[in-house]
Amino acid sequence: MKDKATKSNVKKPIFKKWWFWVIIVVILAAIFGNTGAKDGVEDGVKDAINSTEQQATSDKFVEDVKTAISGAFDSDNEAITDVALKDKDLCVTVDLSKADPSPLTIEDLAISRTSSITDAILELTDYDSQWNTITVDFGDVGKVVCDKDSIKENEAGGRYFPSENFTLK
């Protein structure tokens, strides 16, 4: 009888009880579950901040382009109707419908304006990472697409697109 009394008075160590291990599993799940969620939230916040900064830079770039090209055309008979940046394509839309190109053709005038517009944009070297192509769209007359890879530099260090690359599409 004495053996039975001794056995019942001896307690199991806490780590051998089932409820101890349930508590450990719940605590570990809570710790690792929160860590993953926190990382995901932090990544989402960083992505949102980066996206906002990129949008602000893009907006500033578009505004600076508008300012730079404002003197690249005859403001009485020609108009820049839109400047937009989408997927690293800077698109400048020009309305030549009221322009009198004589003694040139309207196509020659469009090519001339393309040169003036792109030269002004190429002076904005701080924004080179913002674009890969510049499209100057003249509506029914056509459009000219200039790729960053075709930029040339003159003796004075000025950048330009070679005029032989200007073809209306």
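Going by the structure above, here's the rest.
Everything numeric here is computed off the predicted structure, so don't read it as measured data.

Calculation notes
Residues numbered from 1 in each chain as written. Predicted model: local features only at pLDDT ≥ 70, side-chain atom pairs only at ≥ 80, totals over all residues. Heavy atoms only, no water. Core = buried A, V, L, I, M, F, W, Y, C linked by side-chain atoms within 4.5 Å. Buried < 20%, exposed > 50% of the residue type's maximum accessible area, 1.4 Å probe, protein only. Helix = DSSP H or I, 4+ residues; strand = E, 2+ residues; numbered from the N terminus. Contact = heavy atoms within 4.5 Å. Salt bridge = Lys/Arg side-chain N within 4 Å of Asp/Glu carboxyl O.

Engineer: Help me understand the nonpolar core, please; the structure alone is not making it clear to me.
Structural biologist: Note on soluble globular proteins: their nonpolar side chains tend to be buried together. With 27 residues, the main nonpolar core has Val65, Ile69, Leu90, Ile117 and Ile121 as its most contacted residues. Those elements that provide at least two residues to this core are helix H2 (18–69), strand S2 (89–95), helix H3 (106–122), strand S3 (133–137) and strand S4 (143–147). Counting residues per element, this core draws most heavily on H3, which supplies 6 residues. The residues touching Ile117, leaving out its near neighbours within four places in the chain, are Ile69, Ala72, Ile80, Val92, Val94 and Val136.

Engineer: When you look at unusual backbone geometry in this model, what are you seeing that I'm missing?
Structural biologist: It is generally the case that most residues other than glycine have a negative phi and that most peptide bonds are trans. With an omega of 10 degrees, the peptide bond running from Ser102 to Pro103 counts as cis. When you line up the elements, Pro103 lands in the loop between S2 and H3. Positive phi values are uncommon outside glycine, yet Asp87 reaches one of about 55 degrees. For Lys88, which is not glycine, the phi dihedral falls at a positive 65 degrees. Turning to its location among the elements, Lys88 is positioned in the loop between strand S1 (79–86) and S2.

Engineer: I keep staring at the pattern of salt bridges and nothing clicks. Help me out?
Structural biologist: Once their charged atoms are close, side chains differing in charge can pair, the charge on each being opposite to the other. Applying the stated rule across the entire model yields 4 salt bridges. Between Lys60 and Asp64 there is a salt bridge, and its shortest N-O distance comes to 3.2 Å. With Lys60 and Asp64 both in helix H2 and 4 residues apart, this pair spans about one turn of that helix. Under the relative-accessibility criterion, Lys60 is labelled partly exposed at 47%. The exposure class of Asp64 is partly exposed, given its relative accessible area of 22%. In this structure, Lys66 engages Glu63 in a salt bridge whose closest nitrogen and oxygen atoms are separated by 3.6 Å. Of this pair, Lys66 and Glu63 both sit in helix H2, 3 residues apart, roughly one helical turn.

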